[in-house]
Amino acid sequence: MTNFEKTLISYLAGKPPEYTSEVEYDVTIKDNPAMLKRNLTIIVAAVFIDKESNVLLIQEAKQGCRGEWYLPAGRLEENETIEEGAKREVKEEANVDFEPTSLICVENYPNAFSSWVRFTYTGNITGGKLKTTKQADKDSLQAKWFPLDAVQSPRSQVNLRARDVLKLVDACKTHQRLAATDQKIAPVIPKLQAYTHMCFRLMLVRKINANFDVLICMSGTSTSHLPVVRDMGCCLRPTFQEIFGGDIDVLSHKGVLCVEHAGKSHQIYADGVCLTILVFATTTKDPKDGDAFVWHRIRNETIAADLDRRLKRHENSIPLFT
């Protein structure tokens with residue numbers, strides 16, 4: 001097995017390799033360093049669904065949405081890792097401790113000057129007691145379990161702050177359902193790795209007859225590797241135009257394999273996040289610069305079998321909403 005094949009297996013398992021210095025960027029779409037409170041907002045949230053199919057919600061205390069119900073969620077603070085931020089928000093708003101088991105979805109909505117990213121976890125509650133109305137404070141009024149049917153019903157009497165709760169609850173239900181089968185998705189826990197910019201590592205895979213090819217980059221000082229794109233969002237179309245000289249045919253689903261973010265190193269590296277995303281293509285087009293990017297034929301049977309399984313299932317990785 002080659003070193004590149006070992007690296008691919010690590011990404012597919014949700015475990016990016018160690019890097020001793022900042023990763024080189026192979027494609028640049030937007031070139032602004034990412035800084036919290038300037039051009040980057042990172043939101044952390046958590047979804048808990050118990051064995052009785054109840055979901056944990058908190059009642060908002062903030063003006064403008066006071067009394068409405070939502071998931072434990074809030075903004076990442078400086079010097080925090082994504083996991084630390086999620087644990088803090090759950091403790092502040094619901095008064096319980098939890099141990100994350102995996103991200104269940106990632107959302108990335110950039111505009112011309114900034115990026116909004118939300119990382120939503122699930123996990124196990126390990127301590128504490130739900131906040132009561134007697135403990136109401138600036139973070140929340142109380143926390144309470146609600147039957148899923150009562151929350152998801154079109155005629156729900158639960159006054160939700162926003163309907164995006166339903167999308168995140170669905171992501172958690174899917175994650176739990178798959179975890180109970182042999183089709184479970186590899187857990188994704190953010191790895192501590194510093195990046196100056198928002199970027200994504202692209203695992204672009206195509207199937208030609210019975211064979212799989214993956215796009216690799218041959219430029220730069222490092223060995224052959226998956227392309228890393230510097231951008232405020234996971235914008236595939238401009239990336240494909242840069243690499244292929246135009247659009248290519250891709251399947252509609254894409255997902256997150258790995259997340260990297262340092263948090264505590266922000267004064268040195270800024271607050272960038274790198275997402276490793278998996279995208280399946282149906283294109284036969286070759287890159288416009290054959291010296292920089294090439295299709296690499298997968299000959300390792302383990303990797304090919306993993307890709308084939310993921311290709312056949314829409315639920316093949318942590319969903320990415322953009």
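Please read these numbers as outputs of a predicted model, since none were measured by experiment.

Participant: I would appreciate a short explanation of the environment of Lys285 in the present structure.
Facilitator: Structurally, the position occupied by Lys285 is in the loop between strand S13 (273–281) and strand S14 (293–297). Overall, the relative accessible area of 33% leaves Lys285 in the partly exposed class. Spatially, the C-alpha atoms of Lys285 and Ile248 are 7.3 Å apart, while their sequence positions differ by 37 residues. Aside from chain neighbours lying at most four places away, what touches Lys285 is Arg206, Phe244, Gly246, Asp247, Ile248 and Trp295.

Participant: Looking at this structure, I do not really get the environment of Thr322. What am I missing?
Facilitator: Within the secondary structure, Thr322 sits in the segment after strand S15 (318–321). Distance in space between the C-alpha atoms of Thr322 and Asn209 is 30 Å, their sequence separation being 113 residues. Every residue in contact with Thr322, bar those within four places of it in the chain, is listed here: Asn108, Tyr109, Cys234 and Lys254.

Participant: Please explain the packing of helix H1 (residues 3–12) against helix H7 (residues 301–312) as it appears in this structure.
Facilitator: The description of two packed helices rests on the angle between their axes and on the distance between the axes. The N-to-C vectors of H1 and H7 enclose an angle of 35 degrees; their axes lie 11 Å apart at closest approach. In this structure, H1 crosses over H7, and the sense of that crossing is left-handed. The segment H1 lies against H7, with Glu5, Leu8, Ile9 and Leu12 engaging Ile303, Asp306, Leu307 and Arg310.

Participant: Hey, could you run me through the confidence of the model for the protein chain in this one?
Facilitator: Interpretation of the predicted coordinates at a detailed level should be avoided for regions scoring low in pLDDT. The share of residues in the protein chain with pLDDT of 70 or more is 95%, and the mean pLDDT across the chain is 89. Across the protein chain, the secondary-structure element scoring lowest on mean pLDDT is helix H6 (residues 266–269), at 55, and the one scoring highest is strand S3 (residues 54–59), at 98.

Participant: Would you take a moment to explain the state of the cysteines for this structure?
Facilitator: Such a bond, covalent and formed between the sulfur atoms of two cysteines, is termed a disulfide. Here the structure, examined in full by the defined rule, presents zero disulfides. Left unpaired, Cys217 is separated from the closest cysteine sulfur, that of Cys274, by 14 Å.

Participant: Before we go on, may I ask you to explain the nonpolar core in this structure?
Facilitator: Within soluble globular proteins, side chains that are nonpolar tend to cluster in buried spots. Within the largest apolar cluster, 52 residues are counted, with the highest numbers of intra-cluster contacts made by Phe119, Leu204, Val259, Leu275 and Ile277. Residue contributions to this core peak at five residues, all from S13. Residues in contact with Leu204, not counting those within four places in the same chain, are Asp213, Val214, Leu215, Phe240, Phe244, Ile248, Val279, Ala281 and Trp295. If you look at the next biggest cluster of nonpolar residues, it comprises 22 residues, including Ala45, Ala73, Leu160 and Val165.

Participant: What's the story with H1 in this structure? I'm lost.
Facilitator: Residues spaced three or four apart along an α-helix point in a common direction, a consequence of the helix completing one turn every 3.6 residues. Where H1 is concerned, the buried positions are Phe4, Glu5, Leu8, Tyr11 and Leu12. One side of H1 holds all its buried residues, which, seen down the axis, span an arc of 120 degrees.

Participant: Can you help me understand the sheet that holds S3 in this one?
Facilitator: Sheet strands associate in pairs through backbone hydrogen bonding, adopting either a parallel or an antiparallel arrangement. Pairing in this open sheet of three strands is antiparallel, and the strands run S4-S3-S8 from one edge to the other. Since the sheet does not close on itself, it has two edges, and those belong to strand S4 (69–70) and strand S8 (142–147), each with one partner. Alignment of S3 against S8, held across six bridges, turns out to be antiparallel. Across the sheet, the residue bridging to Asn54 is Pro147, located in S8.

Participant: For this particular structure, what's the right way to read the packing of aromatic side chains?
Facilitator: Here the structure, examined in full by the defined rule, presents five aromatic pairs. Ring plane angle 65 degrees and centroid distance 6.2 Å describe the contact between Phe240 and Phe244, whose orientation is recorded as edge-to-face. Taken as a pair, Phe240 and Phe244 lie in helix H5 (residues 236–244) at a separation of four residues, close to a single helical turn. No difference in accessibility class separates Phe240 from Phe244, as the two residues are buried. Clustering of aromatic rings is evident, with ring pairs tying together Phe240, Phe244 and Trp295.

What counts, and where the lines are drawn
- Counting from 1, residues in each chain are numbered in the order their sequence is written.
- For a predicted model such as this one, the threshold for reporting local features is a pLDDT of at least 70, and the threshold for listing and counting side-chain atom pairs is 80 or more; totals across whole chains, interfaces and linings nevertheless cover every residue.
- Calculation of side-chain values draws on the structure's entire complement of heavy atoms; hydrogens and water are dropped beforehand.
- Only DSSP runs of H or I with at least four residues qualify as helices, and only runs of E with at least two residues qualify as strands; both kinds are numbered from the N terminus onward.
- Residue exposure (1.4 Å probe, protein chains only): buried if accessible area is under 20% of the type maximum, exposed if over 50%, otherwise partly exposed.
- Working rule for contacts: check all heavy atoms of both residues, and any pair within 4.5 Å makes them a contact.
- Note on method: axes are straight lines fitted to C-alpha atoms, helices fitted across the in-contact stretch only, with angles between N-to-C directions ranging 0 to 180 degrees.
- Crossing chirality is assigned from the near helix's rotation relative to the far helix, an anticlockwise turn below a right angle marking it left-handed and a clockwise turn marking it right-handed.
- As a per-residue quantity, pLDDT reports the predictor's confidence and falls between 0 and 100.
- Only a pair of cysteine sulfur atoms within 2.5 Å qualifies as a disulfide here.
- To form a nonpolar core, buried Ala, Val, Leu, Ile, Met, Phe, Trp, Tyr and Cys residues must be joined to one another through side-chain atoms within 4.5 Å.
- The arc refers to the directions leading from the helix axis to the C-beta atoms.
- We call two strands paired when DSSP finds no fewer than two bridges between them.
- By convention, a stacked pair of Phe, Tyr or Trp rings (six-membered ring in the case of Trp) has centres within 6.5 Å and planes under 30 degrees apart, an edge-to-face pair has planes over 60 apart, and any other such pair is tilted.

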